Amino acid sequence: MPPPRKKSGKSSSKGSLAFLDPLLKELNVASLKKLVFSPSHAWLAAIALLVLELFVNIFVIHRVNYTEIDWVAYMQEVEGVINGTMDYSKLRGDTGPLVYPAGFVWFYTVLYYITSHGSNVMLAQYIFAIIYIVNLGLVFRLLVRTRKVPPYMLVMMSVTSYRIHSIYVLRLFNDPVAVLLLYAAINLFMDDHWSLGSVFFSLAVSIKMNILLYAPALLLAYLAVLGLPGTLVQLSICAGLQLVLAAPFLANFPLEYIIGAFNLGRVFLYEWTVNFRFLPEEIFISRWFHLALLVGHIITLCYCGRYWWQYFSVYKKLATVGVPHCEQLLVLPLFMCNFIGVMFARSLHYQFYVWYYHTLHYLVWTTGYPVKHRLLLLGVIEMCWNTFPSTMASSGALHVSHFVILVGLLAQVSKSCDMTIFTSNVKDVKTKEEKTE
């Protein structure tokens, strides 16, 4: 009787991997396309990218040289407060006077002690790497919930902008801290935690007042969703927190604090402008130019306000009955309001890119432009922000890109407001949504 044959290694190996067969069957071309292009699968890309970004930030910290710009000045400014100076007009650093609200002082005071009086810069970089990853997670959550942006755009948002990584972990500016708190606030608004969201919004303003660019749309959201009494409560929360944070300064030198922390008339240096390099310096610093920008800003907000009111009003109704993905109606006006503010800003410095970078992909995907044109717009904007020093061409291209995006957004929101969802009974909309699922 011949000896029994041994099973081949190939057969044995195949048997040990049998549990993968169901998964491999699912990985067909259609499912792979969904992983790349379907917004409903964006959460998978979000998780993978957050893990990847952990290693990317560690690599950047250890392989790319840190550049000192404002960190030392921040430490000098808060050191003055630690030493007992409450007069904002006397708080200064190497780059000039302290021009940020009280929340900035307390946040960087904590960093002052954690980083051994600011001397342990690498530790500060790791803290800002955490801020970056948490910020990205909050943005991804907004994008996943709204189901507007495809997964591959999350990849582009995360890994393609050297400037953004630099602002966070190589410069240690306060702008990333402010936008982190802002995105936390929007997430809370989206989850119907309006009072807690107002706390985070006010905290964001206390770090840097550029967050007030969201305020016009947020006020409309308060009124549409919460009504006048609820709006007054939220405004009281926002104002009350500012008073609490600034109490030591207001109690001693109130006028100096208000002028220093909320100086709306401050003139930025022409040499650092990203958006108006094509103008002569005398026009750039002139009051009439600033007034013209303010008027243009207000007119644009007023024009958009009627559409935003419709968005927020319908959002309240749809959210009440649980229509999925209606968060788009809340997020778009807020992002759009901030975008308009950036468009009409008197000057944009390089770190200001974070003011709207993580909203650009959502905004561009809201327009009706072909995908290749959307990608072109994002690419041109990225190129403009990476051109240093800025040129007439880069500044002009930035304004053209902003204008094209705004036109596309206005066309889309006006078209949306004529759709059935804005005119039909909410119960009918709910029934249609359930039938399509």
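Peer 1: Could you give an account of the overall build of the protein chain, naming the residues involved and the relevant values?
Peer 2: Within the protein chain, the regular secondary structure consists of 20 helices and two strands. Relative to its full complement of 437 residues, the protein chain shows a buried share of 49%. For the protein chain, restricting intrachain contacts to residue pairs at least 6 apart in sequence, the fraction spanning at least 24 positions comes to 76%. For the protein chain, the exposed area adds up to about 20900 Å²; of that, 67% sits on carbon and sulfur atoms.

Peer 1: Can you tell me about the side chain of H165, naming the residues and giving the values?
Peer 2: Assignment of secondary structure puts H165 in helix α9 (residues 162–170). A polar contact is formed between the side chain of H165 and the backbone oxygen of S161, at a distance of 3.0 Å.

Peer 1: Hey, could you go over the nonpolar core for me, with residue numbers and the actual values?
Peer 2: Y108, Y183, F201 and W385 are the most contacted members of the largest nonpolar core, which has 138 residues in total. Per element, the largest residue contribution to this core is 14 residues, and it comes from helix α7 (residues 121–146). Not counting the four nearest positions on each side in its chain, W385 is found in contact with R163, V274, L348, H349, Y350, F352, Y353, Y356 and L398.

Peer 1: Outline the side chain of S161, supporting the account with residue identities and numerical values.
Peer 2: Tracing the backbone shows S161 in the loop between α8 (151–159) and α9. Looking at S161, its side chain comes within polar contact range of the side chain of E382, at 3.0 Å. Other than its neighbours up to four places away in sequence, S161 contacts Y353, Y357 and E382.

Peer 1: Can you lay out unusual backbone geometry for me, pointing to particular residues and giving the numbers?
Peer 2: The amide bond that connects F388 to the next residue, P389, takes the cis arrangement and shows omega of -10°. With respect to the helices and strands, the residue P389 is situated in the loop between α18 (371–385) and α19 (392–416). In this structure, L172 takes a positive phi of about 60° despite not being glycine. Topologically, L172 is positioned in the loop between α9 and α10 (175–190). You can call L172 buried: its relative accessible area is 0%.

Peer 1: Give me the lowdown on the confidence of the model for the protein chain, citing residues and values where you can.
Peer 2: Of the residues in the protein chain, 89% reach a pLDDT of 70 or more, and the chain-wide mean stands at 89. Confidence over residues 9–13 falls short of pLDDT 50; this stretch has zero contacts with residues more than four positions distant or in other chains.

Peer 1: Explain the pattern of salt bridges to me, and be specific about the residues and the numbers.
Peer 2: Under the counting rule described, the total for this entry stands at four salt bridges. With its nearest N and O atoms 2.9 Å apart, the salt bridge here joins E327 to R145. Here E327 is found in the loop between α15 (287–320) and α16 (328–343), whereas its partner R145 is found in helix α7, with 182 residues between them in sequence. For E327, a relative accessible area of 10% puts it in the buried group. The class for R145 is partly exposed, based on a relative accessible area of 26%. Salt-bridge contacts for K208 lead to D175; the nearest nitrogen and oxygen are separated by 2.7 Å. Within this pair, whereas K208 is found in the loop between α11 (194–207) and α12 (215–250), its partner D175 is found in helix α10, the two being separated by 33 residues in sequence.

About the cut-offs
Residues numbered from 1 in each chain as written. Predicted model: local features only at pLDDT ≥ 70, side-chain atom pairs only at ≥ 80, totals over all residues. Heavy atoms only, no water. Helix = DSSP H or I, 4+ residues; strand = E, 2+ residues; numbered from the N terminus. Buried < 20%, exposed > 50% of the residue type's maximum accessible area, 1.4 Å probe, protein only. Contact = heavy atoms within 4.5 Å. Areas by Shrake-Rupley, 256 points an atom, 1.4 Å probe, with all protein chains shown as cover. Polar contact = N/O pair within 3.5 Å; in protein donor to acceptor, adjacent residues only side chain to side chain. Core = buried A, V, L, I, M, F, W, Y, C linked by side-chain atoms within 4.5 Å. pLDDT = per-residue confidence, 0-100. Salt bridge = Lys/Arg side-chain N within 4 Å of Asp/Glu carboxyl O.

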